[in-house]
Amino acid sequence: FFFKQKTAYEMQRGLVGSEMCIRDRAETELHELSHMWFGDLVTMKWWNDLWLNESFATFISNLCMNIGPGLDKYRYSWVTFHKDKSKAYKLDQELTNHPITGSVENTEEAENIFDAITYTKGASTLKQLYYLIGHEVFCNGLKEYFSKYQWKNIELKDFLGSLQKALKQADSTINLESWAQQWLTTKGVNELIPEIISADGKISEFRIHQNIAVNGDPIYLSLIHI
């Protein structure tokens with residue numbers, strides 16, 4: 001159904017066979033293939049950890065296109081991914097926003113979190129984590145994760161535990177519990193407000209005020225002086 005829908009959209013706009021069309025199909029196929037690991041081999045225990053399926057599938061598909069052998073023509077995948085984040089930014093400022101991982105009471109509620117926050121914001125956060133701990137540690141953590149929890153149902157703490165173990169083996173002091181609390185369990189986007197102070201036609205000070213946008217959680221309030 002999904003491919004029929006996309007094909008109809010592409011035909012209407014004369015996009016069939018275009019570079020954008022081929023890129024989107026490649027990303028979709030890699031996304032669905034990744035569910036063999038993130039979703040089938042290891043499955044979330046409840047809907048509050050839906051992101052362990054969908055955020056991962058979105059992140060891994062773009063990562064594969066960026067570094068995978070034989071996929072050189074897709075090396076710009078993060079550029080396209082960045083454009084897609086605009087949907088997540090918009091949703092994350094609305095009254096119906098939600099954290100990447102949070103309370104989900106029932107399956108009816110779960111239907112409402114199949115959105116850009118879970119898919120794209122979640123994938124963006126995983127991209128941040130990937131570069132924070134490094135490729136080797138990230139891969140070692142996933143090996144531990146799949147080996148320990150294959151054919152089982154998991155929660156966020158299980159995923160973090162596998163990565164934390166890999167970090168410990170690499171003699172890293174990064175605390176993933178603190179990272180998850182800041183990035184996965186909060187909602188909303190920060191708002192940056194520039195302030196320029198000038199005198200005699202010259203800029204004497206440039207300040208960046210950082211606030212929390214409407215419907216956001218109170219994280220990272222700061223004032224940056226340059």
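Further up the page is the structure itself.
Residues numbered from 1 in each chain as written. Predicted model: local features only at pLDDT ≥ 70, side-chain atom pairs only at ≥ 80, totals over all residues. Heavy atoms only, no water.

Draft legend 1. Seen up close, unusual backbone geometry. A positive phi angle, near 60°, is found at Trp151, a position not held by glycine. Locating Trp151 in the fold gives a position in the loop between helix H7 (135-149) and strand E2 (152-154). (Helix = DSSP H or I, 4+ residues; strand = E, 2+ residues; numbered from the N terminus.)

Draft legend 2. Representation of helix H2 (residues 19-34) within the structure. End to end, H2 covers 23 Å across 16 residues, agreeing with the expected 22 Å (1.5 Å per residue, within 8%). Along H2, the positions that sit buried rather than exposed are Cys21, Arg23, Ala26, Glu27, Thr28, His31 and Ser34. (Expected span 1.5 Å × (residues − 1). Buried < 20%, exposed > 50% of the residue type's maximum accessible area, 1.4 Å probe, protein only.)

Draft legend 3. Structural view of the packing of aromatic side chains. In this structure the tally under the stated criterion is 16 aromatic pairs. A ring pair is formed by Phe38 and Phe56, whose centres lie 4.4 Å apart and whose planes are at 10°; its orientation type is stacked. Taken together, the positions of Phe38 in the loop between H2 and strand E1 (42-44) and Phe56 in helix H3 (residues 51-67) put the pair 18 residues apart, joining distant regions of the chain. You can call Phe38 buried: its relative accessible area is 5%. Ring centres of Phe56 and Phe159 lie 5.1 Å apart, and the angle between their planes is 85°; this geometry places the pair in the edge-to-face category. With Phe56 in helix H3 and Phe159 in helix H8 (residues 156-169), this pair connects stretches of sequence that are 103 residues apart. The residues Phe56 and Phe159 share a single accessibility class, namely buried. (Phe/Tyr/Trp six-rings, centres within 6.5 Å; stacked < 30°, edge-to-face > 60°.)

Draft legend 4. Quick peek at the nonpolar core. Counting residues in each nonpolar core, the largest one holds 34 residues, and the members touching the most others are Phe56, Phe59, Leu129, Tyr145 and Phe159. Where this core is concerned, the elements lending two or more residues are H3, helix H4 (77-91), helix H6 (116-133), H7, H8 and helix H9 (176-183). Those residues in contact with Leu129 that lie beyond four places of it in its chain are Phe138, Phe159, Leu163, Leu176 and Trp179. The next biggest cluster of nonpolar side chains, apart from the first, holds 5 residues, and it includes Met44, Leu50, Val104 and Ile113. (Core = buried A, V, L, I, M, F, W, Y, C linked by side-chain atoms within 4.5 Å. Contact = heavy atoms within 4.5 Å.)

Draft legend 5. Spotlight on the pattern of salt bridges. Inspection of the entire model under this criterion finds 8 salt bridges. Two residues, Asp72 and Arg75, come together in a salt bridge whose shortest N-O distance is 2.7 Å. We classify Arg75 as partly exposed; its relative accessible area is 31%. As a salt-bridge pair, Asp158 and Lys157 come within 3.4 Å of each other at their nearest N and O atoms. (Salt bridge = Lys/Arg side-chain N within 4 Å of Asp/Glu carboxyl O.)

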